[in-house]
Amino acid sequence: MKKILYEDIVKAIAELCIEANYELGEDVYNAFKLALATEKSETGKGVLQQLMDNADIASELQVPMCQDTGTVVCIVELGQDCHIVGGSLYDAINDGIRKGYGEGYLRNSIVKDPIKRKNTKDNSPGIVHVELVEGDSLTIHMTAKGGGAENMSDLKMLKPSDGIEGIKQYVLDVVRVAGPNACPPLVVGIGIGGNFERCAYLAKKSLFRPIGKRHEDEGIANLEVELMEEINRLGIGPQGLGGTTTALDIKIEVEACHIAALPVAVNLNCHASRHKQAIL
Amino acid sequence: MTKSIRIPLEEADILSLKAGDRVLLSGTVYTARDAAHKRMYEQLQKGEALPFDLSNQAIYYVGPTPAKPGQVIGSAGPTTSSRMDTYTPALLDKGLSAMIGKGYRSKEVKQSMIKNKAIYFGAIGGSAALISRSITAVEMIAYEDLGTEAIRRLTIKDFPAIVINDAHGNDLYVEGVEKYRHI
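Remember, it's a predicted structure, so these values are computed and weren't measured experimentally.

Here's the deal with the overall build of chain B
Inference 1: A count of helices and strands for chain B gives 6 helices and 7 strands.
Inference 2: Helices (α) and strands (β) of chain B occur, in sequence order from the N terminus, as β-α-β-α-β-α-β-α-β-α-β-β-α.
Inference 3: Taken along the three principal axes of its C-alpha coordinates, chain B extends 45 × 40 × 35 Å.
Inference 4: Within the span of chain B, comprising 183 residues, buried residues form 55% of the whole.
Inference 5: The contacts in chain B between residues at least 6 apart in sequence include a share of 61% that link residues at least 24 apart.
Inference 6: Of the roughly 7500 Å² of accessible surface on chain B, 48% is carried by carbon and sulfur atoms.

Observations regarding the overall build of chain A
Inference 1: Check the secondary structure of chain A and you find 8 helices and 10 strands.
Inference 2: Taking 280 residues into account, the globule formula puts the C-alpha radius of gyration at 19 Å, and chain A, at 19 Å, falls close to it.
Inference 3: Based on the C-alpha atoms only, the size of chain A along its principal axes is roughly 50 × 50 × 40 Å.
Inference 4: Buried residues in chain A amount to 57% of all 280 residues.
Inference 5: Put simply, chain A shows about 11800 Å² of open surface, and 53% of that area lies on carbon and sulfur atoms.

A look at the nonpolar core
Inference 1: By size, the foremost hydrophobic cluster in this structure holds 48 residues, and its most contacted members are Phe32 and Leu248 of chain A together with Met40, Ile59 and Ile151 of chain B.
Inference 2: Every element with two or more residues in this core is listed here: helix 2 (26–38) and helix 3 (42–61) of chain A together with helix 2 (34–45), helix 3 (88–93), helix 4 (107–116), helix 5 (128–132), strand 7 (151–165) and helix 6 (172–180) of chain B.
Inference 3: Per element, the largest residue contribution to this core is 7 residues, and it comes from helix 3 of chain A.
Inference 4: Not counting the four nearest positions on each side in its chain, methionine 40 of chain B is found in contact with Ala32, Leu50, Phe52, Ile59, Leu91, Tyr143 and Ile151 of chain B.

Section: the sheet that holds strand 5 (residues 138–145) of chain A
All names here are of chain A.
Inference 1: Across the sheet, 4 strands lie side by side as 4-2-5-10; this open sheet has mixed pairing. Two strands lie at the open edges of the sheet, namely strand 4 (127–133) and strand 10 (276–279), each paired on one side alone. Averaged over all neighbouring strand pairs, the angle between strand axes comes to 15 degrees, with direction disregarded.
Inference 2: Running over the sheet, helix 4 (residues 89–103) touches strand 2 (71–79), strand 4 and strand 5 and is turned about 140 degrees from strand 2.

Some points on the interface of chain A and chain B
Inference 1: Each partner contributes residues to the interface: chain A has 48 residues there, and chain B has 43 residues.
Inference 2: Summing both sides of the interface, chain A and chain B together bury roughly 3300 Å²; the carbon and sulfur share of this comes to 61%.
Inference 3: On inspection of chain A and its partner chain B, the count reaches 0 salt bridges.
Inference 4: Elements represented by at least two residues in the side of chain A that touches chain B include exactly helix 3, helix 5 (147–151) and helix 6 (163–178) of chain A.
Inference 5: Looking at the side of chain A that touches chain B, the element that brings in the most residues is helix 3 of chain A, giving 10 residues.

Examining the packing of helix 1 (residues 6–22) of chain A against helix 4 of chain A
Residue and element names in this part refer to chain A.
Inference 1: Between helix 1 and helix 4, the least distance of the axes is 7 Å, while the angle of their chain directions is 45 degrees. With respect to each other, helix 1 and helix 4 are oriented oblique. By crossing handedness, the relation of helix 1 to helix 4 is classed as right-handed. Each of Tyr6, Ile9, Val10, Ile13, Ala14, Cys17, Ile18 and Asn21 in helix 1 lies in contact with helix 4, whose residues at this interface are Leu89, Asp91, Ala92, Ile93, Asp95, Gly96, Ile97, Lys99, Gly100, Tyr101 and Glu103.
Inference 2: A per-class count over the contact of helix 1 with helix 4 returns 12 nonpolar, 3 polar and 4 charged.

Some words on the sheet that holds strand 9 (residues 262–269) of chain A
All names here are of chain A.
Inference 1: With respect to topology, 4 strands assemble into an open sheet ordered 6-9-7-8, the strand pairing being mixed. Taken across any chain shown, the strands that pair with only one partner, and hence form the sheet edges, are strand 6 (154–158) and strand 8 (247–257). Between one strand and the next, the sheet's axes are offset by a mean angle of 15 degrees, whatever the strand orientation.
Inference 2: Pairing analysis gives 5 bridges linking strand 6 to strand 9, with the strands arranged antiparallel. In the sheet register, methionine 157 faces strand 9, and the bridge partner there is proline 263.

Examining the packing of aromatic side chains
Residue and element names in this part refer to chain B.
Inference 1: This structure, assessed with the given rule, holds 4 aromatic pairs over all chains.
Inference 2: For the pair tyrosine 104 and tyrosine 173, a centre-to-centre distance of 5.6 Å together with 80 degrees between the ring planes defines the contact as edge-to-face. Highlighted residues: tyrosine 104 in the loop between strand 4 (98–101) and helix 4 and tyrosine 173 in helix 6, separated in sequence by 69 residues.
Inference 3: According to the relative accessible area criterion, tyrosine 104 is partly exposed, its value standing at 31%.
Inference 4: Lying across the ring of tyrosine 143, arginine 39 places its NZ or CZ 5.0 Å from the centre.
Inference 5: Seen from the ring of tyrosine 120, arginine 105 lies directly overhead, with NZ or CZ sitting 4.8 Å from the centre.

Focus on the packing of helix 6 of chain A against helix 8 (residues 218–231) of chain A
All names here are of chain A.
Inference 1: At a minimum axis separation of 11 Å, helix 6 and helix 8 run at an interaxial angle of 45 degrees. By the criterion of interaxial angle, the relationship of helix 6 to helix 8 is oblique. Classified by chirality, the crossing of helix 8 by helix 6 is right-handed. Taking contact as the criterion, the partners of Ile164, Lys168, Val171, Leu172 and Val175 in helix 6 are, on helix 8, Leu223, Glu226, Leu227, Glu230 and Ile231.

Observations concerning the environment of alanine 142 of chain B
Inference 1: Tracing the backbone shows alanine 142 of chain B in strand 6 (residues 135–142).
Inference 2: Sequence separation between alanine 142 of chain B and arginine 153 of chain B is 11 residues; the distance between their C-alpha atoms is 9.5 Å.

A short note on the pairing of strand 2 (residues 22–31) of chain B
All names here are of chain B.
Inference 1: Counting buried residues in strand 2 gives 7 out of 10 residues, a clear majority hidden from the surface.
Inference 2: Bridge analysis of strand 1 (residues 2–7) against strand 2 gives 6 bridges, and the strand direction is parallel. Directly across from serine 4, in strand 2, lies its bridge partner leucine 24.
Inference 3: In this fold, the crossover linking strand 1 to strand 2 by way of helix 1 (residues 11–16) has right-handed handedness.
Inference 4: In this sheet, strand 7 lies alongside strand 2 in antiparallel orientation, the contact comprising 8 bridges. By the bridge assignment for strand 7, leucine 24 is matched with proline 160.
Inference 5: Pairing geometry for strand 2 and strand 3 (residues 58–60), over 2 bridges, is parallel. Looking at strand 3, one finds that threonine 31 is bridged to tyrosine 60.

Conventions we followed
- Numbering of residues starts from 1 in every chain and runs along the sequence as written.
- Following the order in which they are written, the chains are lettered starting with A and the ligands numbered starting with 1.
- A pLDDT threshold of at least 70 governs which residues receive local features in this predicted model, and a stricter bar of 80 or more applies before side-chain atom pairs are shown or counted, although totals over entire chains, interfaces and linings include all residues.
- Hydrogens are left out, water is left out, and the side-chain values use all remaining heavy atoms of the structure.
- Strands here mean DSSP runs of E at least two residues long; helices mean DSSP runs of H or I at least four residues long; both are numbered from the N terminus.
- With a 1.4 Å probe rolled over the protein chains alone, any residue whose accessible area is under 20% of its type maximum counts as buried; one over 50% counts as exposed, and the rest are partly exposed.
- Should any heavy atoms of two residues lie within 4.5 Å, those residues are considered in contact.
- Surface exposure here means Shrake-Rupley accessible area, sampled with a 1.4 Å probe, where a residue is shielded only by the protein chains that are shown.
- Within these notes, the globule rule equals 2.2 Å times the number of residues to the 0.38 power, and the radius of gyration is based on C-alpha atoms.
- By convention a nonpolar core is built from buried Ala, Val, Leu, Ile, Met, Phe, Trp, Tyr and Cys residues, the set being connected through side-chain atoms within 4.5 Å.
- In this description, strands pair whenever DSSP reports at least two bridges between them.
- A fitted line through C-alpha atoms represents every axis, and for helices the fit uses only the stretch in contact; the resulting angles, taken between N-to-C directions, go from 0 to 180 degrees.
- Reported buried area values correspond to the accessible surface (1.4 Å probe) lost by two parts on association, with both partners' losses combined.
- A side-chain nitrogen of Lys or Arg and a carboxyl oxygen of Asp or Glu constitute a salt bridge if their distance falls within 4 Å.
- Note that the term roughly parallel is reserved for angles under 35 degrees, roughly antiparallel for angles over 145, roughly perpendicular for angles of 65 to 115, and oblique for everything else.
- Helix crossings are classified by the rotation of the near helix relative to the far one: an anticlockwise turn of less than a right angle makes the crossing left-handed, while a clockwise turn makes it right-handed.
- Basically, the charged four are Asp, Glu, Lys and Arg, the nonpolar ten are Ala, Val, Leu, Ile, Met, Phe, Trp, Tyr, Cys and Pro, and anything else, Gly included, counts as polar.
- Here the aromatic set is Phe, Tyr and Trp, taking the six-membered ring for Trp, and pairing holds for ring centres within 6.5 Å; pairs whose planes are under 30 degrees apart are stacked, those over 60 apart are edge-to-face, and all others are tilted.
- As a reminder, the over-ring test applies to NZ of lysine and CZ of arginine, requiring each to be within 6 Å of the ring centre and within 35 degrees of the ring normal.
- Whether a crossover is right-handed comes down to one check: with the strands pointing away from the viewer, does the path from the first strand over the helix to the second run clockwise; if it does, it is right-handed.

Spelled out as structure tokens, the structure:
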């Protein structure tokens, strides 16, 4: 059985935290370039250019792109034939967060208790989802999720009779209400089906898929494209100042659900769309 | 056209600016976000003095990252302003005249801005590394225990911003989006 060391997980997480905050993903940078070529608003173009300049500065100086260095969310695909040695997976991830946020001069944005609101001062704990998979490797999908876009996310238990039109209308409403607050241009993650908590998880998970990569099911892929066109007709534009680039991409994940249910969750991501992965 | 503006602003400057104007701000601003606003509001309710005189001053809604060695300040972009809306009219009544942040303001804040002749600037959310280059000095003012949420006085030079809500009731978020909405 393959052994994976606690220290190696700590090191990998720390590196992911720093890299996700200093280096804009290539998929995002390319999406900015594409948007700059098609955006109709001069103000919107100016915003997109400033965001690309910002990414260049952050990378060159090795500093965070955004002051909100986020909540760390990890989806861990844990191979059922591997063995973690030296401590628990959850402890290793949180130790990695402490190391990365400390050494990377990243902002500590987590409070220990939602009511008392005292900062933990090391950005732990992160939010960890584990999926048990076949094989002996451990894959960590990591995001540093900003608070602004997360705050504008939403979930609704639709009725099956609401159908595709109901889903579209609801997603458009969430994006419209979010307006400038979620830092557009957005990546819109949508979870459809499952149940109450599962559709929220699917929406989050969809955000880990690179920008431009469509769902493998043709029907879902088409829905992603249609929603993208409609969202970009809302006029919100870069930073909500008006324009034709409200979303950089739309991601949908679907799952089986109850005959009475049509749960839909919309998890908004800001334009930084920080997501990285490591395979151990 | 981009206007260079001294901050804190004179009343005449505030009244001359219109939603959509691009500006480069130079001067001093105070940082405050959620926790600092809550504390200031509670102090006002108890009749206590605030840690700094708000008269004609500007607040920037920001919680910067820690400065790396050699840096004046870490990355320092705007946070969502609407979380401060509950507390803002009370601060405007105490003389606050300008705010820098991102995102919508409430109806109550917009009405109070007209009444108090105040202005709201938007900075580009997520461009924190670029913005921090226009911050030339930082001084701790109050609530140091709040860490990133403490109140600091920043000296800024050519800080890029855009007028979102002017003192006449105009709102760039409404006007800008109307032009490009086709649904």
